[in-house]
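Analysis of the macromolecular model
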Amino acid sequence: MANAQVSTKTQWAIDPAHTEVTFKVKHLVITTVTGTFSKFEGAVYADQDDFSDAEISFSIDVNSISTNNADRDAHLKSDDFFSAEKYSHLVFSNGLLSKTASGDYKLTGDLKIRDITKTVTLDVDYNGTVKDPWGNSKAGFEITGNINRKDFNLTWNAVTESGGLLVGEDVKLMISVQLAKA
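Below or above, wherever it landed, is the structure these notes cover.

Each value, and the rule that gives it
Throughout this document, residue positions are counted from 1 along each chain, in the order its sequence is written. Reporting of local features is limited, given that this is a predicted model, to residues whose pLDDT is at least 70; pairs of side-chain atoms are given and counted only at 80 or more, and all residues count toward the totals for whole chains, interfaces and linings. Only heavy atoms go into the side-chain values, all of them from the structure, while hydrogens and water stay out. Strands are runs of DSSP state E lasting at least 2 residues, helices are runs of H or I lasting at least 4, and numbering of each runs from the N terminus. Partly exposed describes any residue whose relative accessible area lies between the buried limit of under 20% and the exposed limit of over 50%, with all areas from a 1.4 Å probe on protein chains only and scaled to the type maximum. When checking whether two residues touch, look at their non-hydrogen atoms; a contact exists if any pair is within 4.5 Å. Identification of polar contacts relies on pairs of N or O atoms within 3.5 Å, with a donor-acceptor requirement for protein atoms, meaning one able to donate a hydrogen and the other able to accept it, and with residues adjacent in sequence counted only if both atoms are side-chain atoms. Note on pairing: two strands pair once DSSP finds at least 2 bridges between them. One speaks of a salt bridge when a side-chain nitrogen belonging to Lys or Arg is within 4 Å of a carboxyl oxygen belonging to Asp or Glu.

With respect to the environment of Y105
Of note, Y105 is situated in strand β8 (residues 105-113). Overall, the relative accessible area of 5% leaves Y105 in the buried class. For Y105 and S52, which are 53 residues apart along the polypeptide, the C-alpha to C-alpha distance reads 7.8 Å. Apart from residues no more than four positions distant in its own chain, Y105 is found in contact with D50, F51, S52, L97, S98, K99, L122, D123, V124 and Y126. For Y105, the side chain forms a polar contact with the main-chain oxygen of D50, separated by 2.7 Å.

Here it is in structure tokens:
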């Protein structure tokens, strides 16, 4: 797991059965391809009930990528994109969740793709905390944002007959997370 740490804060773990990691990128400028990652892990440490002081880390297994097309998935795992054999995980570390004056949440941390680490800020909707039917505390979040894939050396592309790019540079991230109190 990314950024293992010892903390006196309350620990929450990502519930993989109720979490989705999704991305979208333009194809041929006219359509959007959606992909998912099915293997990931992470931890959240927070003292505040509203998670406004949360420290967050997570790791995604690149080999779990799926765009519902085996050839495209193999290409995304190749050296043209993620180079999964050499860089098997995307890692988000040093994440800090903060609540803005307007009540919105921002998540800022270091995203490492391949051998490049960049600080990113994502928008977060905190959907609340509840007890499940078995008495376990669960918290839910929707995380969204955009990154430019070229910032992480994912530069492969082709030009279409009309001069457009085969693969868009902007990648939309959509992560729906359910946490379970450890």
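Observations regarding the pairing of strand β3 (residues 31-37)
In terms of strand pairing, strand β2 (residues 20-27) meets β3 through seven bridges, oriented antiparallel. Residue pairing in the sheet places H27 in a bridge with T31 of β3. Here two bridges tie β3 to strand β6 (residues 65-66), and the two strands are oriented antiparallel to one another. If you follow T36 over to β6, its bridge partner there is S66.

With respect to unusual backbone geometry
Excluding glycine, residues mostly have negative phi values, and the peptide bonds linking residues are mostly trans. Of note, N94 is a non-glycine position whose phi angle comes to about 55°, a positive value. Phi is positive for R114, which is not a glycine, with a value near 60°. Residue position: R114 is located in the loop between β8 and β9 (116-131). According to the relative accessible area criterion, R114 is buried, its value standing at 12%.

As for the pattern of salt bridges
A complete count under the given rule lists seven salt bridges for this structure. Put simply, K9 and D53 hold a salt bridge, and the shortest N to O gap is 3.6 Å. Separated by 44 residues along the polypeptide, K9 in the segment before β1 (10-14) and D53 in the loop between β4 (40-46) and β5 (55-61) bring together distant segments of the chain. The exposure classification of K9 matches that of D53, with both residues buried.

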